[in-house]
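If you want the building blocks of each chain, they are given just below.
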Amino acid sequence: MTTDASDEWERWHEQRVATVSAPYGPLALTGTYWLEDRPDGRLPGIPGTWAADDDAVVLTAAGADGLIVDGRPLDGEVRLAADPGPASAARVAYGERRLVVLLREGAWGVRDFDPAAGARRAFRGIVATPYDPRRSVPGRFTPYDTGRRSVRVPNADGRERGLGLGGELAFTLDGRDHTLQVTVEEDGSLWAVFADATSGSTSHRFRFLRPGAPDAEGRTTVDFNRALLPPCAFADHFICPFPPPGNTPAAGIEAGERELR
């Protein structure tokens, strides 16, 4: 059983490395630009003018600018909603780059993904602790009586934003009881932002954990072997939330992804 789980973890780790180093993975992000900070509509190194207009971003460009929208050169104006999918599927392209429109708490922004980014070229892998079956334990999810709640937390870009939380995940690790506040994703899976005694020393300052959807009785598996580096560990231009109150176990969790090589 342990050998099978270890082999599965190795495959998962290899897939993670491939995903983050893909042409439009997190290592390719070279900039996040908030339009409220760009009143002239000009973005660094990006042609056209970009302006927020209520429920959309209005992009204006000439054919000579070289912007491609939905596979065709843009010569005029187009309204853009937030891109729902991966960066590789963004509606706007500029050469090999992909320009992703995003919306956060009413603020419109544009992300610039460039396969030629220096961070992607310099990437040598992810430092991760080898699989340890003791770091995968049963957990129980309890939703909040009041439903979803939001707390304000600092983000990696220095701004404070709301983090939606749906309940608490309780588990026992190394003989100690722990509880994490977690977000419930659309598919029912859970997402936790946490820090521990290794954070900022032998691991990144905080990490993500994504347990599977709980069953009808709230049972799921809490597997710290699959603790993840947040996107902002790969590029400074991501706006990852810091852990909410209580999501900082005092113990050191020696498991999962730790830092970049």
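Higher on the page you've got the structure.
Being a predicted model, the structure only gives us computed values, none of them experimental.

**Q** Tell me about the overall build of the protein, and please be specific about residues and values.
**A** A count of helical and extended segments in the protein gives two helices and 19 strands. Against the compact-globule benchmark of 18 Å for 261 residues, the protein has a radius of gyration of 20 Å, which places it among compact chains. Structurally, the protein occupies a C-alpha span of about 65 × 45 × 35 Å along its principal axes. Expressed as a percentage of the 261 residues in the protein, the buried residues total 49%.

**Q** Give a detailed account of the sheet that holds strand β15 (residues 176-184), specifying residues and quantitative values.
**A** An order of β17-β16-β15-β14-β11-β18 is seen for the six strands of this open sheet, with the pairing classed as antiparallel. On the outer flanks of this sheet lie β17 (207-209) and β18 (219-223), each paired with one strand and no other. Neighbour to neighbour, the strand axes of the sheet diverge by 40° on average, direction disregarded. As judged from the three bridges shared by strand β16 (residues 190-194) and β17, these two strands associate in the antiparallel manner. Opposite A192, over in β17, you have L209 as the bridge partner.

**Q** Which residues make up the sheet that holds strand β9 (residues 107-113), and what values go with them?
**A** Ordered in space as β1-β9-β8-β7-β4-β5, the six strands form an open sheet in which the pairing is antiparallel. Among the strands making up the open sheet, the edge pair consists of β1 (29-34) and β5 (72-73). Looking at chain direction, strand β8 (residues 97-104) and β9 are connected through seven bridges and run antiparallel. Bridged to L103 within β9 is W108.

**Q** Quick rundown of the layout of surface pockets? Include the residues and the values.
**A** The space that makes up the largest pocket amounts to roughly 1500 Å³. Taken together, 46 residues line the largest pocket, and the ones lying closest to its centre are R104, R111, W191, R210 and P231. Partitioning the lining of the largest pocket into residue classes produces 27 nonpolar, nine polar and ten charged. Taken as a whole, the second largest pocket encloses approximately 190 Å³ of empty space. The wall of the second largest pocket is formed by W12, S136, L209, R210, P211, G212, T221, D223, R226 and L228.

**Q** How would you sum up the nonpolar core? Please name residues and give values.
**A** The nonpolar side chains of soluble globular proteins are, as a tendency, buried together. By size, the foremost hydrophobic cluster in this structure holds 26 residues, and its most contacted members are F113, L163, F206, F208, F238 and C240. Mapped onto this core, the elements with two or more residues apiece are α1 (2-20), β12 (149-154), β13 (160-165) and β16. Apart from the residues within four sequence positions on either side, F208 is in contact with W191, A192, V193, F194, R226, A227, L228, P230, P231, C240 and P241. One finds Y33, V69, L99 and W108 within the second-largest nonpolar core, a separate group that totals 18 residues.

**Q** Describe empty space enclosed by the protein, naming the residues involved and giving the relevant values.
**A** The final tally for this structure, using the stated rule, is one cavity of 30 Å³ or more. Here the largest cavity defines a volume of roughly 30 Å³. Secondary-structure elements contributing two or more residues to the lining of the largest cavity are β13, β15 and β16. Split into classes, the residues belonging to the lining of the largest cavity amount to seven nonpolar, three polar and no charged.

**Q** Please give an account of the environment of T220 that cites residues and values.
**A** Its place among the elements puts T220 in strand β18. Spatially, the C-alpha atoms of T220 and G139 are 5.2 Å apart, while their sequence positions differ by 81 residues. When neighbours within four sequence positions are excluded, T220 is seen to be in contact with V137, P138, G139, L169, L190, P211, G212, A213 and P214. Engagement of the side chain of T220 in a polar contact is seen with the backbone oxygen of G212, the distance being 2.9 Å.

Parameters at a glance
Residues numbered from 1 in each chain as written. Predicted model: local features only at pLDDT ≥ 70, side-chain atom pairs only at ≥ 80, totals over all residues. Heavy atoms only, no water. Helix = DSSP H or I, 4+ residues; strand = E, 2+ residues; numbered from the N terminus. Rg over C-alpha atoms; globule rule 2.2 N^0.38 Å. Buried < 20%, exposed > 50% of the residue type's maximum accessible area, 1.4 Å probe, protein only. Pairing = 2+ DSSP bridges. Axes fitted to C-alpha atoms, helices over the stretch in contact; angles between N-to-C directions. 1 Å grid on protein atoms, 1.4 Å probe; cavity = no way out; pocket = protein on both sides within 12 Å on 5 of 7 lines; lining within 4 Å. Points joined across faces, edges and corners; volume = space filled by probe spheres on them. Nonpolar A, V, L, I, M, F, W, Y, C, P; charged D, E, K, R; others polar. Core = buried A, V, L, I, M, F, W, Y, C linked by side-chain atoms within 4.5 Å. Contact = heavy atoms within 4.5 Å. Polar contact = N/O pair within 3.5 Å; in protein donor to acceptor, adjacent residues only side chain to side chain.

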